[in-house]
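The residues making up each chain are set out below.
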There are 2 protein chains.
Amino acid sequence: MSAVREGGLPFRLTRQRRAILEEVRAAGGHPRAADIFLQVRRREPRLAYATVYNTLHLLARHGLIQSFDFGEGASRFDPRTDRHDHLACRNCGRLVDVEIDLGQAARRLQEETGFSVEAYHVEVRGLCPGCQRAEGD
Amino acid sequence: MSAVREGGLPFRLTRQRRAILEEVRAAGGHPRAADIFLQVRRREPRLAYATVYNTLHLLARHGLIQSFDFGEGASRFDPRTDRHDHLACRNCGRLVDVEIDLGQAARRLQEETGFSVEAYHVEVRGLCPGCQRAEGD
DNA sequence: CTGAGATTTAGACCAGATATAAAAACATCA
DNA sequence: TGATGTTTTTATATCTGGTCTAAATCTCAG
Ligand SMILES: [Mn+2]
Ligand SMILES: [Mn+2]
Ligand SMILES: [Zn+2]
Ligand SMILES: [Zn+2]
């Protein structure tokens, strides 16, 4: 019988992994893998890029963080682990956490389509207050 | 004063562009740029890949088609031009058009956050009927 | 200690997407 | 109709996020 790991996780929370997880939490937003890499690298100069990718996906797969794709090329990682939605500024890219309850609609879809609905994510786009002011065209 | 182009478009609807647009419509789903390229190439053997990319984005920018990113790497193009949402099978990737009205929630968000909300898109994930049957693990 | 398995490193590799420059197609008008 | 400027296409190089691999390193139960 193997010893219980920290937090009962099915993988080792090594120095590198812990640093990556803490950086996602400390970043205070929705950082990209490259952001994490550059930041953690200052404490762990030998850290490899692949380790960041692998770890971020590992952490996401096990629910310690979430990963979102807003079609910008790079994924955005999120320290929040609960279901929630996002409001994105089309000008500056700022991401704000929001909450939209679609329980009703989800059940309706399930009946209408035969799909078993497991999750949903709403992406709302617009202009943040700052960018509204700056815009005139 | 320049002559009015077909449909009053601000660009020429050339043989290649027309073929690409028609293929998006004929594909009957949510094709990728590569799908369009391979298909149109059978009628236009000299068609370049870049022309497909440029044209798809051109058509999307001018509202003749839509473009969606489901985080699969390649974008999905859509002959529908009206706002709508998508139900995606996490197993086979099948995409079904659905409609979810978020007008109420959008107005609420606008007030709460100060953002001017311009658009939204709901991505619902689950298992399609076929894949439900095939799954047992 | 020691060896098997887990993890990290370093760098090659892949695909979608984008940029560029030259060639070709097209529109306009003398 | 032929000259000329503009738009579009082609062909190819380049960029970038992401993935893969193999060797080195680490960890821990025995
Ligand atoms: Mn978030
Ligand atoms: Mn659609
Ligand atoms: Zn903004
Ligand atoms: Zn399916």
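The shown structure was predicted, so the numbers you read here are calculated from the model rather than taken from an experiment.

### Let's talk about the domain arrangement of chain A
Residues and elements named next belong to chain A. For chain A, the domain assignment lists domain 1 (1-81) and domain 2 (82-137). Look at where the C-alpha atoms of domain 1 and domain 2 centre, and you get two points 24 Å apart. Of the roughly 910 Å² buried between domain 1 and domain 2 on both sides combined, carbon and sulfur atoms contribute 52%. Summed over the three residues of domain 1 that lose the most area to domain 2, namely His30, Phe70 and Arg80, the buried surface amounts to 63% of that side.

### Considerations on the coordination of the manganese ion (ligand 2)
All names here are of chain B. Protein-derived ligands of the manganese ion (ligand 2) are His30 (NE2), Asp78 (OD), His84 (NE2), His86 (NE2) and Asp97 (OD), with the metal-ligand distances lying across 2.0 to 2.3 Å. Counting residues between consecutive donors of the manganese ion (ligand 2) along the chain gives the motif H-x47-D-x5-H-x1-H-x10-D. Residue class for His84 comes out buried when judged on its relative accessible area of 1%. Residue His86 is classed as buried on the basis of its relative accessible area, which comes to 0%.

### Side note on the coordination of the zinc ion (ligand 3)
All names here are of chain A. Surrounding the zinc ion (ligand 3) are the protein donor atoms Cys89 (SG), Cys92 (SG), Cys128 (SG) and Cys131 (SG), at 2.3 Å. Given four donor atoms and angles of 102 to 115° at the metal, the environment of the zinc ion (ligand 3) is assigned as tetrahedral. If you list the donors of the zinc ion (ligand 3) from N- to C-terminus, the spacing comes out as C-x2-C-x35-C-x2-C.

### So, the sheet that holds strand β5 (residues 116-127) of chain B
Taken in spatial order, the six strands of this open sheet run β4(A)-β3(A)-β5(A)-β5(B)-β3(B)-β4(B), and their pairing is mixed. The open sheet has two free edges, formed respectively by β4 (95-98) of chain A together with β4 (95-98) of chain B, since each of these has just one partner strand. On average, each strand axis in the sheet is inclined to that of its neighbour by 25°, with strand direction left out of account. Note that strand β3 (residues 85-89) of chain B and β5(B) share four bridges and pair parallel. Residue Ala88(B) lies in a different strand from β5(B), and its bridge partner there is Arg125(B). Of the strands in this sheet, β5 (116-127) of chain A together with β3, β4 and β5 of chain B are in contact with helix α4 (residues 103-113) of chain A, which crosses β5(A) at around 125°.

### Notes on the interface of chain A and chain B
In many analyses, interface size is given as the accessible surface area lost on bringing the parts together. On the side of chain B, 33 residues touch chain A, which itself brings 33 residues to the contact. Between chain A and chain B lies a buried interface of about 2500 Å² when both sides are counted; carbon and sulfur atoms form 65% of it. By the criterion of area lost to chain B, the three top residues of chain A are Leu109(A), Phe115(A) and Glu118(A), representing 23% of everything that side buries. At the junction of chain A with chain B, the criterion picks out two salt bridges. Between Arg90(B) and Glu118(A) there is a salt bridge; the shortest N-O distance is 2.8 Å. Across the contact surface, chain A and chain B share 14 residue pairs in polar contact (both at pLDDT 80 or more). Secondary structure elements with two or more residues in the side of chain A that touches chain B: β3 (85-89), β4, α4, β5 and α5 (129-134) of chain A. With 12 residues, the top contributor of residues to the side of chain A that touches chain B is β5(A). Residue composition of the side of chain A that touches chain B, grouped by class: 18 nonpolar, seven polar and eight charged. Judged from the 11 bridges that link them, β5(A) and β5(B) form a sheet pairing that is antiparallel. What sits directly across from Ser116(A), in β5(B), is Leu127(B).

### What to know about the nonpolar core
One broad trend across soluble globular proteins is that nonpolar side chains are buried collectively. Residues Leu102(A) and Leu102(B) are the most contacted members of the largest nonpolar core, which totals 34 residues. Counting residues per element, the ones that place at least two in this core are β3, β4, α4 and β5 of chain A together with β3, β4, α4 (103-113) and β5 of chain B. Setting aside residues no more than four positions away along its own chain, Leu102(A) makes contact with Tyr120(A), Val122(A), Ile100(B), Leu102(B) and Val122(B).

Criteria and cut-off values
Residues numbered from 1 in each chain as written. Chains lettered and ligands numbered in written order. Predicted model: local features only at pLDDT ≥ 70, side-chain atom pairs only at ≥ 80, totals over all residues. Heavy atoms only, no water. Domains from an automatic or database assignment. Buried area = accessible area lost by both parts, 1.4 Å probe. Donors = N, O, S within 2.8 Å, 3.2 Å for Na, K, Ca; no water. Buried < 20%, exposed > 50% of the residue type's maximum accessible area, 1.4 Å probe, protein only. Tetrahedral: all angles 85-135°; square planar, octahedral: opposite > 155°, others 65-115°. Pairing = 2+ DSSP bridges. Helix = DSSP H or I, 4+ residues; strand = E, 2+ residues; numbered from the N terminus. Axes fitted to C-alpha atoms, helices over the stretch in contact; angles between N-to-C directions. Contact = heavy atoms within 4.5 Å. Salt bridge = Lys/Arg side-chain N within 4 Å of Asp/Glu carboxyl O. Polar contact = N/O pair within 3.5 Å; in protein donor to acceptor, adjacent residues only side chain to side chain. Nonpolar A, V, L, I, M, F, W, Y, C, P; charged D, E, K, R; others polar. Core = buried A, V, L, I, M, F, W, Y, C linked by side-chain atoms within 4.5 Å.

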